[in-house]
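Per-entry structural report
Residues per chain, in single letters:
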Amino acid sequence: MAGCWVVKYVYGKFIFMEKIMKTGIVSSLAVLMLSFLSGCQQKVEVALKFQPGSETLYRAVAQSGKDYAFIQPSVNKNTENHTLARAEVTFAQKTESIDKNGGAVLDITVKGLKYLSSGPKGKTIDFDSSRKKDKSEPLAKLIGQSYKIKITPSGKVRVIDAKAIRTAVKGGSAGKLAQRLFSDKEIQKRHSVLALIDAGEKLHSRGDSWSTLAASPPGMLQAKSYEKQYTLQDVKTKGDQQIAVITMNAVPSSKRAPDMASGSKDMGFFAKMFEDSGTYDGKLVLNLSTGQIISYQESLKAAWVAAEAPEEHKSDKGPDTLTMGFTYLYSIEKIDDK
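Each value, and the rule that gives it
Residues numbered from 1 in each chain as written. Predicted model: local features only at pLDDT ≥ 70, side-chain atom pairs only at ≥ 80, totals over all residues. Heavy atoms only, no water. Helix = DSSP H or I, 4+ residues; strand = E, 2+ residues; numbered from the N terminus. Buried < 20%, exposed > 50% of the residue type's maximum accessible area, 1.4 Å probe, protein only. Contact = heavy atoms within 4.5 Å. Areas by Shrake-Rupley, 256 points an atom, 1.4 Å probe, with all protein chains shown as cover. Salt bridge = Lys/Arg side-chain N within 4 Å of Asp/Glu carboxyl O. 1 Å grid on protein atoms, 1.4 Å probe; cavity = no way out; pocket = protein on both sides within 12 Å on 5 of 7 lines; lining within 4 Å. Points joined across faces, edges and corners; volume = space filled by probe spheres on them. Nonpolar A, V, L, I, M, F, W, Y, C, P; charged D, E, K, R; others polar. Pairing = 2+ DSSP bridges. Arc of directions from axis to C-beta. Phe/Tyr/Trp six-rings, centres within 6.5 Å; stacked < 30°, edge-to-face > 60°. pLDDT = per-residue confidence, 0-100. Polar contact = N/O pair within 3.5 Å; in protein donor to acceptor, adjacent residues only side chain to side chain.

If you tally the helices and strands in the chain, you get five helices and 16 strands. Expressed as a percentage of its 338 residues, the buried residues of the chain come to 39%. A sequence separation of at least 24 residues applies to 64% of the contacts in the chain between residues at least 6 apart. Of the roughly 19,100 Å² that the chain leaves accessible, carbon and sulfur atoms contribute 52%.

What follows is the structure in structure tokens.
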């Protein structure tokens, strides 16, 4: 059997390694070529890479929402409520140093911030740093503030220093919001690359997959564990760049995720009253030549539905229906180079 050419990307350069497996004397060049062409796949290193002093601009969005709808045709009454929380942070990411394992210390500077919170009675917070009228708001003091993180090639994040940005807004609801947006937990969530953390250090071919067990996002009506499977769907060539597309599909798991909060409980008896459904998927587009994220998104949509026809119900009206929904979105996209 002929060997395969393995391609490894290191700081934008190609390293070719020939692996030869001898299984006997190959007397025909045609057989050798046929075996080579049919048995080999390109292998690539799926990991983040960093260049000293490089600076890139990103936009990260974290959003969650809850929906409640009680449709009662039996009494001609409908009740609906919606809540939403959305944070959008635009930041410059500068590489300060790189260790021997490829991990980097990054200086993150906030360039823009939008935050929207709304409930059944309307908007409670609506801030946009790009609006002229919002430049005098307390949250505007976050623009230009920085914090430092350490990130590994597999996307694991540790906060080094975020004291300055957490104390930039003093007191009140704005101060509490600033501390929450830039807590260790939120910073790690904003910069961690979940699609890479459990990929391992080995090289991957198209079609390879890996998985991780993770808790459902905070605020979900019924806390669940999900097995999230990531698959190297494709490796494309764009000019002189190699682009990897990694997809994610998650399904509920009976195992308890290690990151599930200790107080998390299921719906208990009430779970039997509802039919639940949902989708949880995502996609990472990664530039293998530069090691930079182009875009990354994970999205969860879940719903619980209960329907009941009261005793006095008339057949032409349909059952009373209670629907509760939960949505979650995390995304990050590269929007410019500095």
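Now, onward.
With that settled, consider the pattern of salt bridges. Using the criterion set out here, one finds 16 salt bridges in the structure. Members of the salt-bridge network, linked through shared partners, are Arg59, Arg86, Glu88, Lys114 and Glu333.

This paragraph deals with unusual backbone geometry. Note on backbone geometry: most residues besides glycine have negative phi, and most peptide bonds are trans. Here Asn76, not a glycine, exhibits a phi torsion of approximately 55 degrees, which is positive. Positionally, Asn76 belongs in the loop between strand 4 (55-72) and strand 5 (77-98).

Quick look at the layout of surface pockets now. Computed from the structure, the largest pocket encloses a volume of approximately 920 Å³. Lys189, Leu194, Ala214, Ala215 and Asp259 are, among the 31 residues lining the largest pocket, the residues nearest its centre. Secondary-structure elements contributing two or more residues to the lining of the largest pocket are helix 4 (184-191), helix 5 (194-197), strand 11 (209-215), strand 15 (292-308) and strand 16 (320-337). Of the residues forming the lining of the largest pocket, the biggest block, four residues, is contributed by strand 11. For the lining of the largest pocket, the class distribution of residues is 17 nonpolar, six polar and eight charged.

Our focus in this paragraph is the pairing of strand 8 (residues 146-151). Of the two faces of strand 8, only the one carrying Tyr147, Ile149 and Ile151 is buried; Ser146, Lys148 and Lys150 on the other face are not. Relative to strand 9 (residues 157-161), strand 8 runs antiparallel, the two being bridged by four bridges. Paired with Ile151 across the two strands is Val157, which belongs to strand 9. Between the end of strand 8 and the start of strand 9, which pair antiparallel, lie five residues, with Gly155 showing a positive phi angle near 90 degrees.

Attention now goes to helix 3 (residues 172-181). Inspection of helix 3 places Ala174, Gly175, Leu177, Ala178 and Leu181 among the buried residues, and these make up the whole buried set. Within helix 3, the buried residues cover an arc of 165 degrees as seen down the axis, which keeps them to one side. With respect to the buried face of helix 3, the exposed residues turned more than 90 degrees away are Gly172, Ser173 and Lys176. Buried residues along helix 3 sit in contact with strand 5, strand 6 (104-119), strand 7 (122-128) and helix 4.

A full pass over the atoms with the stated rule returns four aromatic pairs. Consider the rings of Tyr226 and Tyr280, whose centres lie 5.1 Å apart with planes at 85 degrees: the pair is edge-to-face. With Tyr226 in strand 12 (residues 225-238) and Tyr280 in strand 14 (residues 275-287), the pair connects residues that are 54 residues apart, well separated along the chain.

Turning our eyes to something else, we now look at helix 4. Listing the buried residues of helix 4 in full gives Glu186, Ile187, Arg190 and His191. In a view along the axis of helix 4, the buried residues occupy a sector of 120 degrees, so they form one face of it.

Quick look at the side chain of Thr90 now. Its location among the elements puts Thr90 in strand 5. For Thr90, a relative accessible area of 14% corresponds to the buried category. Discounting chain neighbours no more than four positions away, the residues touching Thr90 are Leu57, Tyr58, Arg59, Thr109, Val110, Lys111, Gly112 and Ile335.

On to the confidence of the model for the chain, then. In the predicted model, the chain carries a mean pLDDT of 85, and the fraction of residues at 70 or more is 82%. Mean pLDDT in the chain bottoms out at strand 2 (residues 13-19), which sits at 39, and peaks at strand 8, which reaches 98. Low confidence marks residues 1-39, where pLDDT is under 50. Its contacts with residues over four positions away, or in another chain, come to 57 contacts.

A separate point is the environment of Asp99. Within the secondary structure, Asp99 sits in the loop between strand 5 and strand 6. Looking at Asp99, the relative accessible area reads 29%, which means it is partly exposed. Within the structure, Asp99 has its side chain in polar contact with the backbone nitrogen of Asn101 (distance 2.9 Å). Of note is the side chain of Asp99, whose polar atom sits 3.0 Å from the backbone nitrogen of Gly102.

Moving on: the environment of Val305. Tracing the chain through its elements places Val305 in strand 15. Discounting chain neighbours no more than four positions away, the residues touching Val305 are Met273, Phe274, Glu275, Thr321, Leu322 and Thr323.

Another point: the side chain of Ser331. Here Ser331 lies in strand 16. Residue class for Ser331 comes out buried when judged on its relative accessible area of 15%. With residues up to four places along the chain from it excluded, the contact list for Ser331 reads Arg59, Ala60, Val61, Tyr296 and Gln297.

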